[in-house]
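Single-letter residue listing:
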Amino acid sequence: MPTVNLAVQYASSQTNTPTSTQFRKWAKAAIRVNTEVTIRVVDEAEGRELNSTYRGKDYATNVLTFPLTEEPHLMGDIIICAPVVAAEALAQNKTL
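Read on for an overview of the structure. Please read these numbers as outputs of a predicted model, since none were measured by experiment.

Points about the overall build of the protein
Link 1 in the chain: Helix and strand counts for the protein stand at three helices and four strands.
Link 2 in the chain: The order of α-helices and β-strands along the protein, N terminus first, is β-α-β-α-β-β-α.
Link 3 in the chain: In the protein, which comprises 96 residues, the share counted as buried stands at 27%.
Link 4 in the chain: Put simply, of all contacts in the protein between residues at least 6 apart along the chain, 56% involve residues at least 24 apart.

Shown next, in the form of structure tokens:
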């Protein structure tokens, strides 16, 4: 069974985000190789800044990923922009 080292950071005022326990459960169900990942939940301002800096796009996007390595194990960061995800769920008539 692969090892999962997961850190969850909350930098958003959005209140209806998944808990770190939920993120851990989902990660363990999905990951098939040894993994070290940080999930950071951000607000729109930070999401826009990161998207602008790393992709040259001047808007907040739902998810950004920053893979660091794949060998000897998977390592990287996942940025989730909570307000964008919430707006997309509402627009698509999906539960958050």
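Describing the layout of surface pockets
Link 1 in the chain: Space inside the largest pocket adds up to approximately 240 Å³.
Link 2 in the chain: What lines the largest pocket is a set of 18 residues, among which Ile31, Thr35, Val37, Leu74 and Ile78 lie closest to the centre.
Link 3 in the chain: Elements with a contribution of two residues or more to the lining of the largest pocket: α1 (20-30), β2 (35-42), β3 (63-69) and β4 (74-81).
Link 4 in the chain: It is β4 that contributes the most residues to the lining of the largest pocket, five residues altogether.
Link 5 in the chain: Classifying every residue of the lining of the largest pocket by side-chain character gives 13 nonpolar, three polar and two charged.
Link 6 in the chain: Looking at the second largest pocket, its volume works out to about 160 Å³.
Link 7 in the chain: What lines the second largest pocket is simply Gln14, Asn16, Thr17, Pro18, Phe23, Trp26, Val41, Ile80, Ala82, Val85, Ala86 and Leu96.
Link 8 in the chain: At the level of secondary structure, the elements contributing two or more residues to the lining of the second largest pocket comprise α1 and α3 (82-91).
Link 9 in the chain: The biggest single contributor to the lining of the second largest pocket is α3, with three residues.
Link 10 in the chain: In terms of residue class, the lining of the second largest pocket is made up of nine nonpolar, three polar and no charged.

Some thoughts on helix α2 (residues 44-55)
Link 1 in the chain: Counted at 1.5 Å a residue, the expected span for α2 with its 12 residues is 16 Å, and the 15 Å between its end C-alpha atoms agrees.
Link 2 in the chain: Of the residues making up α2, those classed as buried are Gly47, Leu50 and Asn51. The buried residues of α2 occupy an angular sector of 100° when the element is viewed end-on, so they sit on one face. Facing away from the buried side of α2 by over 90 degrees, the exposed positions are Ala45, Glu49 and Thr53.

Conventions adopted
Numbering of residues starts from 1 in every chain and runs along the sequence as written. Given that the model is predicted, a residue must reach a pLDDT of at least 70 before its local features are reported, and side-chain atom pairs must reach 80 or more before they are shown or counted; all residues, however, enter totals for whole chains, interfaces and linings. Processing note: side-chain calculations cover all non-hydrogen atoms of the structure and skip hydrogens and water entirely. Segments assigned H or I by DSSP are reported as helices when at least four residues long, segments assigned E as strands when at least two residues long, and all are numbered from the N terminus. We call a residue buried when its accessible area falls under 20% of the maximum for its residue type, exposed when it is over 50%, and partly exposed in between, using a 1.4 Å probe and counting protein chains only. By definition, residues are in contact when any of their heavy atoms lie within 4.5 Å. Points on a 1 Å grid over protein atoms alone make up a cavity when a 1.4 Å probe fits among them but cannot get out, and a pocket when they form an open set with protein on both sides within 12 Å along at least five of seven lines; lining residues each have an atom within 4 Å of a point. Grid points are joined across faces, edges and corners, and a volume is the space filled by probe spheres set on the points. Under the grouping applied here, Gly and all other residues not named as nonpolar or charged are polar, the nonpolar ones being Ala, Val, Leu, Ile, Met, Phe, Trp, Tyr, Cys and Pro and the charged ones Asp, Glu, Lys and Arg. In a helix, the anticipated span is given by 1.5 Å times the number of residues less one. This arc is built from the directions going out from the helix axis to the C-beta atoms.

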